[in-house]
Amino acid sequence: MRLLLFSAAAFGITFVPAPNPGFVLEHSPSPEKYLPSTMAGGLAVFDFNNDGRPDLFFPNGAELPSFRKTGPKYWNRLYRNDGDFHFTDVTEKAGLAGDGFAFGAAAADFDNDGFIDLFVPALPASKLYRNKGDGTFVEVPIPATGPWTIAAGWFDYDRDGLQDLFIVNYLNWSPANNHWCGDRPKNLRVYCHPRHFQATTNQLLHNKGNGKFEDVTQSSGLAKYPGKGMSVAFADYDADGFLDAFVTNDGMPNFLFRNKGNGTFEENAFAAGVALPDRGVTISNMGVDFRDYDNDGRPDIVVTALAGESFPLFRNLGKGQFQEATTTARLAPLVVRKSGWGVVFADFDNDGRKDIFTANSHVNDLVSATTSDAYQLPNSIFQNRDGKTFAGATSDSPELAAESAAHRGALAADLDGDGRLDLIVTALGAPARIWRNTTANTNKSTQIPAPPNATVTIGSQTNTANTAVGYSSSYAGPVHFGFGAAPLPPEAIITVPGAAPKTVAVRK
Amino acid sequence: MFLVLLLLSLFRLAAQPDGPAVLSQQARQAMSAGHFDEAAQIYRKLIVQLPNVGGLRMNLGLALFQAGKHRAAAAELETALKLDPTLAPATMMLGLCHAKLGEPLAALPLLEKARKADPSNATVLLELADANYAIGRFGPAIELFRELTSLQPANSTAWRGLGLSLTDHSQSLFARLPAESAEALTLLARARLAADEPKAAFTFLRQALTKNPHFGPAHASLAELYTKTDHSDWAAAETAKAAPASGVFAEIENASKEALQAFARLSALGPSAELHETEAEAARARGNHAGAIAAWRKALALKPGNPNLERGLARSLLQSRNYDEAIPLLTKYQLYSELGEALVESGKPAEAVPHLLKTRTPAAQAALGRAYLAIDQPAKAIAPLRAALATDTDGGLHFQLARALQRTGAVAQAREMDRISQQIRQKKAERQEAAGAVVITPP
């Protein structure tokens, strides 16, 4: 028994709750089952004041169906990280309280002034905020997005050195077409399935510089592909030097927009093998992360979905081809009854292999009335054992394993600078949670600052500065690496598509 | 002289401690005490001494029947009837044995004969009704269940049997209607209306009235739909065109109504395993698997260990993705297709393969293909997936086959499967979109 306890402590991944910053996600649930109510919960982690500590931004809901933030409880919130898990609410000073019902965030320095800016997808209108560098933000006009922008991500698709904005639009819902869905005889009203609403196209806003954006949805080819987007993630999956975009679609096949390098995209998900899981049926694709989990240098894809659909893991085989590896990676039995939203590949135990964290909950708050599935769920940690397979590691963190909620967004970031990645998780109608990584080992780690979506290679490991992560969430911070007990390699290579690789020293 | 010798010999046998009279007495006592296995052993001893006495074989059959050994009982009862074809109870018991063994065709003539001998025997009536129902003779089943419900108005099994027979009878009549006839389309509309899906009902009624603009029941249904959707003025116009149903349409409607009445009577009797079983089936049909599971559990509380109920529970647990509970029950009842499916769905495809290889149903073949694909054995996935392709309703099987073909290098075939898969998916999406876009318009 002693040996077992020692073993768990030595090799497990452990998290304990840290003090909450104080944010509560207001989503305005009501008997009318307005669809936005169950779709809130993205977040952003970025260092808005360049003090070296990652700060937290939580988009928030609003009254429904008016979409009005009628009081401070609905404000979006920016929390300054003062260190040691102390956070100060600086929303008012920053001017980020916002308006409308916000769903997520996309953070990146779009004007190259050295300060990270913020796009907030929201109904009825999304907002772009420029970080003035003095702790305040100012709204920047952009072309109209929608009808329902739910997520977004920054990437420099045309390699002109300016971050462009990929807008993920969900579907054609409005309070006026909020159908009654459910079981009338039992008077069980549920959130409508996306099939009840028309698909919409995603959008691409080209950054022209000087704070101007142009909607190039038509000319880029994106307009040809109506979908029901939930999240986006970027990576150069075919290693052609141009960033591609993977978009999860709710109840439809996913999109993989291959960047043709000439300002246009072709939708390639079926050919690449990532449109559907191997079972061949459409699922409720939710969040996504797009990174190399098996250390073969190629970015892989993990997607969250609803109970019974599993969380498909698509392994990048090279030559533009993926193969679903959910079962062979031993994830399938661990996830089959889970419903997930936020998802991140991250090396929580600093052993040099990326683990998986998922923020769990069903979309339907009445799901247990008709199935054996639960609405509120605990989150999950899957430990990458050998670069190929995963094992459940949630129970190593008893408090995390015991906390069921309507979880939505999730990000990993080293909030206290101890070299271990902590977790920030949102939940509908509940305080945002910070989980402090207490994994007990002496494994080494480092963080490499890198431009958005740059690929960083250290030794045999590759990680990417993904700006769009999980469910409608965004991380704009240094890229994390763990090394186990091995000495830190001396240098890292940073590759930005279209630029010569740059070698930097690894910080001890 | 010979008779005298025989009688003397029988007398001597009977007087012995293990003679027929003593054994016979012991057997009767064992039967009375409910020790059926013991009774059967004693009857076997008796039969050794008196092998050609039909009555003894019948008694042995009865003991075995009571002990739940229906196959062995049937063999003894058959022998009894060969020895003495006039043994009416043996005929009845043999009929019941075949019924219990799930052999309704063999049971039917025997039970009919038994019924002639004893028309008021409720057990025979019930088994005869069940046997008729089992082979799809719904008309006779309905008559027998009606008779039984008059004989025993508090018999929940009888009311459930009547409801099921009437339901299946109406469905069999419906199946005989031309698929695109006004009658069939109106009946489909009525089912949708009952399920509170007015848009789908409206679509069917429009189609029905296109086929036959003067079909009175379609107008009556449309009037009902308009009333339900708050268009009373439109409803009035349709009511004027409505006419009562006749012919097969009326027969179907009447059977459905009587079925509902039978289920209502079952419900009025209060909680019973039959009531909960019916509730479970209804919940399952509506896709309410949690409700079905709750109802199966209630039924099982009243009839613990009942195989039919446990099988029903197992299937609902599977549909509800409660694999941990479903798998032991599916294993117990050797439901290999469902067991394999449960193992595949719960992420254990390698464990599923041996079970799925035991059955050849399209569902099992589909699951087998999926299992092989998941464990990265695409070559083995191809044959079972091809065998199941005809059942592909959402494009999934074609997609899986495409993946298997692609991974074995058959790229052109894979592309073709992908094309068909996308076509199926597209058509399904279009149907769903069309259904959602329906607007209920005036007459």
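Caption draft 1: Layout of the state of the cysteines. Residue and element names in this part refer to chain A. Applying the stated criterion across every chain yields a total of 1 disulfide over all chains. Between Cys181 and Cys192 runs a disulfide, and the two sulfur atoms are separated by 1.9 Å. Measuring handedness by torsion sign, the sulfur bridge of Cys181 and Cys192 sits at about 95 degrees and is right-handed. Here Cys181 is found in the loop between strand S13 (164-169) and strand S14 (182-183), whereas its partner Cys192 is found in the loop between strand S15 (188-189) and strand S16 (200-201), with 11 residues between them in sequence. Owing to a relative accessible area of 7%, Cys181 belongs among the buried residues under this scheme.

Caption draft 2: Highlighting the pairing of strand S24 (residues 288-291) of chain A. Residue and element names in this part refer to chain A. Alternating positions in S24 separate into two faces, Val288 and Phe290 on one and Asp289 and Arg291 on the other, with burial throughout. Pairing of S24 with strand S25 (residues 300-303) involves 4 bridges; the strand directions are antiparallel. In the strand pairing of S25, Arg291 is matched with Asp300.

Caption draft 3: Region of interest: the sheet that holds strand S18 (residues 212-215) of chain A. Residue and element names in this part refer to chain A. Taken in spatial order, the 4 strands make up an open sheet running S12-S13-S17-S18, and their pairing is antiparallel. A single partner strand is all that each edge strand has here, and the edge strands are strand S12 (149-155) and S18. Averaged over all neighbouring strand pairs, the angle between strand axes comes to 25 degrees, with direction disregarded. Two elements, S12 and S13, share 6 bridges in a ladder whose sense is antiparallel.

Caption draft 4: Quick look at the packing of helix H21 (residues 349-356) of chain B against helix H22 (residues 362-374) of chain B. Residue and element names in this part refer to chain B. One way to put it is that H21 packs onto H22 with a least axis distance of 9 Å and a crossing angle of 145 degrees. Seen along the crossing, H21 lies across H22 with a hand that is left-handed. Between H21 and H22, the contacting residues are Pro349, Val353 and Leu356 on the first element and Ala364, Ala367, Leu368, Ala371, Tyr372 and Ala374 on the second. Partitioned by chemical class, the residues of the contact of H21 with H22 number 9 nonpolar, no polar and no charged.

Caption draft 5: Inspection of the nonpolar core at higher detail. The biggest cluster of nonpolar side chains holds 80 residues, and the ones touching the most others in it are Trp148, Ile150, Phe166, Phe348 and Phe357 of chain A. Sort the elements by how many residues they give to this core and strand S32 (residues 407-413) of chain A lands first, with 4 residues. Apart from residues lying up to four places away in sequence, Trp148 of chain A is in contact with Leu35, Pro36, Met39, Phe103, Leu123, Val168, Asn169, Tyr170, Leu171 and Trp173 of chain A. Grouped together as the second largest cluster of nonpolar side chains are 56 residues, Ala39, Leu60, Leu110 and Ala141 of chain B included.

Caption draft 6: Representation of the pattern of salt bridges in the model. Throughout the structure, instances matching the rule amount to 41 salt bridges over all chains. Two residues, Asp373 of chain A and Arg337 of chain A, come together in a salt bridge whose shortest N-O distance is 3.6 Å. In this pair, Asp373 of chain A is assigned in the loop between strand S29 (355-360) and strand S30 (380-384) and Arg337 of chain A in the loop between helix H5 (332-335) and strand S28 (340-346), connecting sequence segments 36 residues apart. Looking at Asp373 of chain A, the relative accessible area reads 4%, which means it is buried. Looking at Arg337 of chain A, the relative accessible area reads 30%, which means it is partly exposed. Residues Arg146 of chain B and Glu258 of chain B are paired through a salt bridge, measuring 2.7 Å at the closest nitrogen-oxygen approach. Remark: Glu258 of chain B occurs in helix H15 (residues 247-268) and Arg146 of chain B occurs in helix H9 (residues 138-151); sequence separation between them is 112 residues. Judged by its relative accessible area of 30%, Arg146 of chain B is partly exposed. Among the charged side chains, a salt-bridge network with shared partners connects Asp238, Asp240, Arg258 and Glu266 of chain A.

Definitions and cut-offs
- Residues numbered from 1 in each chain as written.
- Chains lettered and ligands numbered in written order.
- Predicted model: local features only at pLDDT ≥ 70, side-chain atom pairs only at ≥ 80, totals over all residues.
- Heavy atoms only, no water.
- Disulfide = S-S within 2.5 Å.
- Helix = DSSP H or I, 4+ residues; strand = E, 2+ residues; numbered from the N terminus.
- Buried < 20%, exposed > 50% of the residue type's maximum accessible area, 1.4 Å probe, protein only.
- Pairing = 2+ DSSP bridges.
- Axes fitted to C-alpha atoms, helices over the stretch in contact; angles between N-to-C directions.
- Left-handed = near helix turned anticlockwise from the far one by under 90°.
- Contact = heavy atoms within 4.5 Å.
- Nonpolar A, V, L, I, M, F, W, Y, C, P; charged D, E, K, R; others polar.
- Core = buried A, V, L, I, M, F, W, Y, C linked by side-chain atoms within 4.5 Å.
- Salt bridge = Lys/Arg side-chain N within 4 Å of Asp/Glu carboxyl O.

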